[in-house]
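Architecture at a glance
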Amino acid sequence: MSHLKKFLLVWILAIMPTLSAQATLPPHAPDELWLLVDDKASTLYIYRGEQEIERFFPISLGQRGAAPIRVRGDKKTPTGEFRINWVNLDSRFHIFLGLNYPTPWHALDALNAGIMTQQEYDDYFSYLRRYGKPPQDTVLGGDIGIHGIGKGDPSIHQRFHWTEGCVAVTNEQIERLMELVEIGTRVVIR
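Quick summary incoming for the structure in this document. What you see is a predicted model, and the numbers here were worked out from it, not measured in a lab.

**Some thoughts on the pairing of strand β10 (residues 186–189)**
Burial along β10 is two-sided: the residues R186 and V188 and V187 and I189 are all buried. One ladder, built from four bridges, connects strand β1 (residues 33–38) with β10; its direction is parallel. Considered in β10, the bridge of W34 is made with R186. Relative to β10, strand β6 (residues 80–91) runs antiparallel, the two sharing four bridges. Bridge pairing in β10 links R83 to R186.

Here it is in structure tokens:
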């Protein structure tokens, strides 16, 4: 079976039931609340459908910017489409909204680029099927999300991309996001 066919089969069997159970609205619904993180503009936009309702500027990303393929420890923020799939209210970053990274698309890209071995790829999908969420200890890294600055220096946040690969906003902004988002909220990072 080709990698693409295997990927699609696993996606249908393992991912779609999980996402549909988490999301209260179908993807791209006219009134869907979703987030756009724009690396070049250092801005997080909050949309309802196609209408921008709020924006946070400046935000901080990984120290080495954003990229479609990220590997553990490279300090890059992964680009793509994600869902919020867990929340830590007791984070050292105040509040942490975890994303479903690495997604099956990231794993497939990593396999095709030779970053992930076939065994690592198979292990990724085995974990995903078993637990309904991606493993966080792959060669692609994990624990990617949107978080506050905690007790960090607000002036550094204003001037530099400082994270290990996450998206950082102020503590007040992450509290505002907590009022708006839920498990399953779509997040696009570009």
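**Regarding the packing of helix α2 (residues 104–112) against helix α3 (residues 118–131)**
Packing of α2 against α3 brings their axes to within 10 Å, and their N-to-C directions diverge by 170°. Considering their axes alone, α2 and α3 lie roughly antiparallel with respect to each other. Counted together, P104, A107, L108 and L111 of α2 and Q118, Y121, Y124, F125 and L128 of α3 form the full contact between these two elements. A per-class count over the contact of α2 with α3 returns eight nonpolar, one polar and no charged.

**So, the sheet that holds β6**
Note on sheets: strands pair through backbone hydrogen bonds, and any given pair is parallel or antiparallel. Taken in spatial order, the eight strands line up as β3-β2-β1-β10-β6-β7-β8-β9 in an open sheet, and their pairing is mixed. Strands at the two margins of the open sheet, each flanked by one partner only, are β3 (51–56) and β9 (167–168). Pairing of β1 with strand β2 (residues 43–48) involves six bridges; the strand directions are antiparallel. Bridged to V37 within β2 is L44. The sheet strands contacting helix α5 (residues 171–180) are β1, β2, β3, β6, β7 (94–99) and β8 (145–147), and the helix crosses β7 at an angle near 55°.

**Side note on a nonpolar patch on the surface**
A cluster of nonpolar residues, V87, L89 and I183, forms a patch on the protein surface that exposes about 250 Å² of accessible area. You can see V87 is positioned in strand β6. Looking at V87, the relative accessible area reads 37%, which means it is partly exposed.

**A word on the environment of E120**
Along the chain, E120 falls in helix α3. Judged by relative accessible area, E120 falls into the partly exposed class, the value being 33%. When the C-alpha positions of E120 and T138 are compared, they lie 7.6 Å apart, and in sequence the two are 18 residues distant. Setting aside residues up to four positions removed in sequence, E120 forms contacts with I115 and V139. Within the local environment of E120, its side chain forms a polar contact with the backbone nitrogen of T117, the two atoms lying 2.8 Å apart.

**As for α5**
Along an α-helix, residues three or four apart share an orientation, since each turn contains 3.6 residues. All buried positions along α5 are accounted for by N171, Q173, I174 and L177. For α5, the angular spread of the buried residues around the axis is 160°, confining them to a single face. Facing away from the buried side of α5 by more than 90 degrees, the exposed set consists of E172 and E179.

**A word on the pairing of β1**
The buried fraction of β1 amounts to six of the six residues, a majority that puts the element mostly inside the structure. Because side chains alternate across β1, one face comprises the buried residues L33, L35 and V37, and the other comprises W34, L36 and D38, equally buried. Where β1 hands over to β2, the hairpin turn is made up of four residues, of which S42 adopts a positive phi near 50°.

**Quick look at the packing of aromatic side chains**
The final tally for this structure, using the stated rule, is eight aromatic pairs. Between the aromatic rings of F93 and W162, the centroid separation amounts to 6.1 Å while the plane-to-plane angle is 40°, which identifies the pairing as tilted. Separated by 69 residues along the polypeptide, F93 in the loop between β6 and β7 and W162 in the loop between α4 (154–159) and β9 bring together distant segments of the chain. Given the relative accessible area of 17%, F93 is considered buried. What makes W162 partly exposed here is its relative accessible area of 21%. Of the aromatic side chains, those joined through ring pairs into one cluster are W34, Y45 and Y47. The positively charged end of R186 is found above the aromatic ring belonging to W34, 4.6 Å away from the centroid.

What counts as what
- Residues numbered from 1 in each chain as written.
- Predicted model: local features only at pLDDT ≥ 70, side-chain atom pairs only at ≥ 80, totals over all residues.
- Heavy atoms only, no water.
- Buried < 20%, exposed > 50% of the residue type's maximum accessible area, 1.4 Å probe, protein only.
- Helix = DSSP H or I, 4+ residues; strand = E, 2+ residues; numbered from the N terminus.
- Pairing = 2+ DSSP bridges.
- Axes fitted to C-alpha atoms, helices over the stretch in contact; angles between N-to-C directions.
- Parallel < 35°, antiparallel > 145°, perpendicular 65-115°, else oblique.
- Contact = heavy atoms within 4.5 Å.
- Nonpolar A, V, L, I, M, F, W, Y, C, P; charged D, E, K, R; others polar.
- Patch = residues over 30% accessible without salt bridge, like charges linked within 9 Å, V, L, I, M, F, W, Y side chains within 5 Å.
- Areas by Shrake-Rupley, 256 points an atom, 1.4 Å probe, with all protein chains shown as cover.
- Salt bridge = Lys/Arg side-chain N within 4 Å of Asp/Glu carboxyl O.
- Polar contact = N/O pair within 3.5 Å; in protein donor to acceptor, adjacent residues only side chain to side chain.
- Arc of directions from axis to C-beta.
- Phe/Tyr/Trp six-rings, centres within 6.5 Å; stacked < 30°, edge-to-face > 60°.
- Lys NZ or Arg CZ within 6 Å of the ring centre and 35° of its normal.

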